[in-house]
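Chain by chain, the residues:
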Amino acid sequence: MELSDGTTIESADVRMSPSIAALAAALSKAQGEMSGASKDKTNPHFKSRYADLASVWEASRAPLSKHGLAVLQPPTASGAQVSVTTILTHDSGEWIASDLTVTATQNTPQGVGSALTYARRYALSSMVGIAPEDDDGNAASERPTQTVARPREVPQAPAGFDAWLSDLEAVAD
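Residues numbered from 1 in each chain as written. Predicted model: local features only at pLDDT ≥ 70, side-chain atom pairs only at ≥ 80, totals over all residues. Heavy atoms only, no water.

Asker: Any details on the pattern of salt bridges? Residues and values, ideally.
Answerer: Enumeration over the complete set of coordinates arrives at two salt bridges. Among the salt bridges present, the one from Asp99 reaches Arg15, with a minimum N-O distance of 2.8 Å. Highlighted residues: Asp99 in strand 7 (residues 95–103) and Arg15 in strand 1 (residues 8–16), separated in sequence by 84 residues. Under the relative-accessibility criterion, Arg15 is labelled partly exposed at 32%. The closest approach of N and O atoms between Lys66 and Glu33, which form a salt bridge, is 3.2 Å. Of this pair, Lys66 sits in helix 2 (residues 53–66) while Glu33 sits in helix 1 (residues 21–33), placing them 33 residues apart in sequence. Of the residues examined, Glu33 reaches a relative accessible area of 38% and is grouped as partly exposed. (Salt bridge = Lys/Arg side-chain N within 4 Å of Asp/Glu carboxyl O. Helix = DSSP H or I, 4+ residues; strand = E, 2+ residues; numbered from the N terminus. Buried < 20%, exposed > 50% of the residue type's maximum accessible area, 1.4 Å probe, protein only.)

Asker: How would you sum up the packing of aromatic side chains? Please name residues and give values.
Answerer: This model, assessed by the stated rule, comprises one aromatic pair. A centroid spacing of 5.5 Å and a plane angle of 35 degrees characterise the contact between Tyr118 and Tyr122, whose relative ring orientation is tilted. With Tyr118 and Tyr122 both in helix 3 (residues 109–128), this residue pair falls four residues apart, about one helical turn. Sitting over the face of the ring of Tyr118, Arg121 holds its NZ or CZ atom 4.9 Å from the ring centroid. Here the guanidinium or amino end of Arg121 rests over the ring plane of Tyr122, the centre of that ring lying 5.1 Å away. (Phe/Tyr/Trp six-rings, centres within 6.5 Å; stacked < 30°, edge-to-face > 60°. Lys NZ or Arg CZ within 6 Å of the ring centre and 35° of its normal.)

Asker: Just give me the short version of helix 3, but keep the residues and values in it.
Answerer: For helix 3, built from 20 residues, the straight-helix expectation of 28 Å at 1.5 Å per residue is met to within 8% by its first-to-last C-alpha distance of 28 Å. Taken residue by residue, helix 3 has Gly111, Val112, Ala115, Tyr118, Ala119, Arg121, Ala123, Leu124, Ser125, Met127 and Val128 as its buried positions. Gly129 sits one or two positions beyond helix 3 and adopts a positive phi of about 80 degrees. (Expected span 1.5 Å × (residues − 1).)

Asker: Explain the nonpolar core residue by residue, including any values.
Answerer: Core analysis: the biggest nonpolar cluster contains 17 residues, and Leu64, Leu69, Val71, Leu88 and Val128 have the highest contact counts within it. Counting only elements with at least two residues in this core, the list comes to helix 1, helix 2, strand 4 (69–72) and helix 3. Ignoring sequence-local partners within four residues, the contact set of Val71 consists of Trp57, Leu64, Thr86, Ile87, Leu88, Leu124 and Val128. The next biggest cluster of nonpolar side chains, apart from the first, holds ten residues, and it includes Ala80, Val102, Val112 and Ala115. (Core = buried A, V, L, I, M, F, W, Y, C linked by side-chain atoms within 4.5 Å. Contact = heavy atoms within 4.5 Å.)

Asker: Just give me the short version of the pairing of strand 5 (residues 75–78), but keep the residues and values in it.
Answerer: Looking along a regular strand, one sees the side chains alternate between the two faces of the sheet. In terms of strand pairing, strand 5 meets strand 6 (residues 81–90) through four bridges, oriented antiparallel. Note that in strand 6 the partner of Ala77 across the bridge is Val82. In sequence, strand 5 turns back onto strand 6 through a hairpin of two residues, with Gly79 there showing a positive phi of about 65 degrees. (Pairing = 2+ DSSP bridges.)

Asker: Report on the environment of Ser60, specifying residues and quantitative values.
Answerer: Along the chain, Ser60 turns up in helix 2. On the basis of relative accessibility, which here comes to 0%, the residue Ser60 falls in the buried class. For the pair Ser60 and Leu124, spaced 64 residues apart in sequence, the C-alpha separation works out to 9.2 Å. What Ser60 contacts, discounting residues up to four positions off in sequence, is Met34, Leu124, Val128 and Ile130.

Take a look at the structure:
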């Protein structure tokens, strides 16, 4: 899968402890208290707003902690391929882990860092069930407005244009 910035998601893998009953119960309670992540950043390339990693953490940290849940996200990298293992743990000892590997668009420290941030944000959002706030919801549900087409203004010919056009036509004949 290719993301909007060209980063490619290569694989995702999920593992878990033999039982996740207590973890699932705690996560259910935590999700009931979570709100959407604020779309507080602007992507200048696509002129769109998005919820950054800090917003996802802000929306999830307190409810997770309140219900005995913690998230770890150790990264690994090999060139432009960046992997993050997101581990959701519960104070009962139960856990769920998921690996997400992405390929950076550029094999530079900045490109790898950007890919890692993408991977952490998407993996965390997916693991805990956070979605960005729908700040476009009202706009999408409003009735479309009709625009009235105005007649196009025709520019005035510059002085001497008619004489030039007559001369051009005479030469062409």
